[in-house]
Structures are given as C-alpha cells and as structure tokens.
Amino acid sequence: MAEISYRRHRFPPVVIQHAVWVYLRFTLSYRDVEELLVERGLDISYETVRCWVLKFGPVIARRLRRHRPRPSNRWHLDEMVVRIGGKRMYLWRAVDHEGEVLDMLVQSRRDSRAALRLMRKLLKKQGFAPKLLVTDKLRSYASAFRRLRLSCPHQQGLRQNNRAENSHQAVRRRERKMQRFKSARSAQRFLSMHAAIHNTFNLQRHLISRATLRIFRAEAANQWHNAVRAV
C-alpha cells in the first residue's frame, strides 16, 4: 500500500486531510475551499489546496478502493460527451446496480474499440465477469461483448440503463463547477479520485432509516480516516 507522509508541510495533517476531503466530497472549487478554511481562521491559498489534492488525492483514492467491498455482478455501462480543451471527448463509465462506480475511461472515440477497451479494463480490475450486462442500444457494446465471448445476458434498452445515466449527474455538476476539464489526463485523474470518495460517502439515504444512516456515516468516516492515516 502506498505510504502517505505529511512531513515538511507547514500545516498539520488534519488540516490537509480536511481540505482534500471537502474538495472531493462536495461540488466546490479550490477558491470555495479557501473561503471555508478562512472562516475557520486558516489563511491557505487555493493553489496550496490544489497541490494537496494532486499530491494526496490519488493515494487516498487507491486506499479507499482497496477496502471497498466487492461490487455486485450486475453491471451498467454508458458513455457521455464531455468537452475537453475545445474537443469532443467521451467519458465511458461502468457502475453496478447499486450505483457503485466500477471504472471510467476518457476516450476520444465512441466505437467498438473504445467499448472493448473499457470492458477489458473493467474485467481486469474487478477480477470477475458479470452475471448481467446492461447498456444502451449503441452497437459498439454488442460488438465488444461478442469479441470478449462473455456468457452472461446482455440487455439493451432505452430506459433499462437509467442507473448508469443517473450516475453522470454528479460528474456534470463537477464539470460545470470546474468550468470544464482542461485535459483528458487531468479529467481521468480527477474523476478517479472523485469516484472513490463518491462510493464511500454515497449512502442512498432515502432508502434507509435515520438510525441506519448514522451507522453508515460512521463507517464511511472510519474508512476515510484509515485511508488518510500516515504510515
């Protein structure tokens, strides 16, 4: 597991951890985080917050993913258009039937080769094949499905893939707040961190009681504290 060291930083680890968590957890800009820290009596530049996120965010995300329970075997795949540097790009996403983000990939194409790349990466990362694959009617998915010779059912329909469609909403909010992504590489890096935080703190509160919500929140906070702990 990657180590986290807060040595040679002016501010204590608890401040750094809080700034990174606030930025990745909520739809805020770096300047918004700076204003929130000022309210707490901390004079920290938004550029400092940006450096903290870039340095510690990927490591924390990897730790959170490592301790996540195994996702379900019902996968939903979808793609959405994003504008990056004035170019039309596609964000390919895979989620399970409970909304857990499994993987994502920023690509320049929307063809069978791009779908195949996403599905191969997904199978390698998860280590098991799904029992059900749900996509829209894009033919690229069916082509990739046949090339991988998957034995599970493949459902295609306009409304059957609403789970994946709804998962794009959080990304759209961040895209607007960040005034669009600046490059494909930075988008891939940020969305990977964002997905790990989203999976940890997305508790589907409308489906559980208040008492259960408190338990789940405590467990999510415990996962976060374990992930940001220095080794």
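Below or above, wherever it landed, is the structure these notes cover. Not measured: the values here are computed from a predicted model. (Residues numbered from 1 in each chain as written. Predicted model: local features only at pLDDT ≥ 70, side-chain atom pairs only at ≥ 80, totals over all residues. Heavy atoms only, no water.)

## A few points about the environment of His154
Residue placement: His154 occurs in strand β5 (residues 154–156). Judged by its relative accessible area of 21%, His154 falls in the partly exposed class. A sequence separation of 22 residues divides His154 from Leu132, and the C-alpha atoms of the two residues are 6.2 Å apart. In this view, His154 contacts Leu133, Thr135, Tyr141, Ala142 and Phe145; residues no more than four positions away in its chain are not counted. (Helix = DSSP H or I, 4+ residues; strand = E, 2+ residues; numbered from the N terminus. Buried < 20%, exposed > 50% of the residue type's maximum accessible area, 1.4 Å probe, protein only. Contact = heavy atoms within 4.5 Å.)

## Regarding the side chain of Asp96
Looking at the element boundaries, Asp96 is found in strand β2 (residues 87–96). The side chain of Asp96 is buried and forms no salt bridge, while Arg163, the nearest opposite charge, is found at 6.4 Å. Within the structure, the side chain of Asp96 is placed 3.0 Å from the backbone nitrogen of Glu98, a separation counted as a polar contact. A distance of 2.8 Å separates a polar side-chain atom of Asp96 from the backbone nitrogen of Glu100. (Lys, Arg positive; Asp, Glu negative; His and termini not counted. Salt bridge = Lys/Arg side-chain N within 4 Å of Asp/Glu carboxyl O. Polar contact = N/O pair within 3.5 Å; in protein donor to acceptor, adjacent residues only side chain to side chain.)

## What about a positive patch on the surface?
A cluster of basic side chains, namely Arg25, Arg205, Arg210, Arg214 and Arg217, defines a positive patch on the protein surface. For the positive patch, the element with the most residues is helix α8 (residues 210–228), which contributes 3 residues. Relative to the elements of secondary structure, Arg210 occurs in helix α8. (Patch = residues over 30% accessible without salt bridge, like charges linked within 9 Å, V, L, I, M, F, W, Y side chains within 5 Å. Areas by Shrake-Rupley, 256 points an atom, 1.4 Å probe, with all protein chains shown as cover. Charge placed at Lys NZ, Arg CZ, Asp CG, Glu CD.)

## Thoughts on the packing of helix α1 (residues 13–25) against helix α2 (residues 30–39)
Relative to each other, α1 and α2 sit at 135°, their axes nearing to 10 Å. On the basis of their axis angle, the class for α1 and α2 is oblique. In terms of crossing hand, the pair formed by α1 and α2 is right-handed. Between α1 and α2, the contacting residues are His18, Ala19, Val22 and Tyr23 on the first element and Tyr30, Val33, Leu36 and Leu37 on the second. Of the residues belonging to the contact of α1 with α2, the class tally is 7 nonpolar, 1 polar and no charged. (Axes fitted to C-alpha atoms, helices over the stretch in contact; angles between N-to-C directions. Parallel < 35°, antiparallel > 145°, perpendicular 65-115°, else oblique. Left-handed = near helix turned anticlockwise from the far one by under 90°. Nonpolar A, V, L, I, M, F, W, Y, C, P; charged D, E, K, R; others polar.)

## Concerning the nonpolar core
Side chains of a nonpolar character, in soluble globular proteins, are inclined to be buried together. Membership of the largest hydrophobic core comes to 47 residues, with the highest contact counts inside it found for Trp52 and Ile60. In this view, Trp52 contacts His9, Phe11, Val15, Ile16, Ala19, Val20, Ile44 and Gly57; residues no more than four positions away in its chain are not counted. The next biggest cluster of nonpolar side chains, apart from the first, holds 21 residues, and it includes Trp75, Tyr141, Ala144 and Leu150. (Core = buried A, V, L, I, M, F, W, Y, C linked by side-chain atoms within 4.5 Å.)

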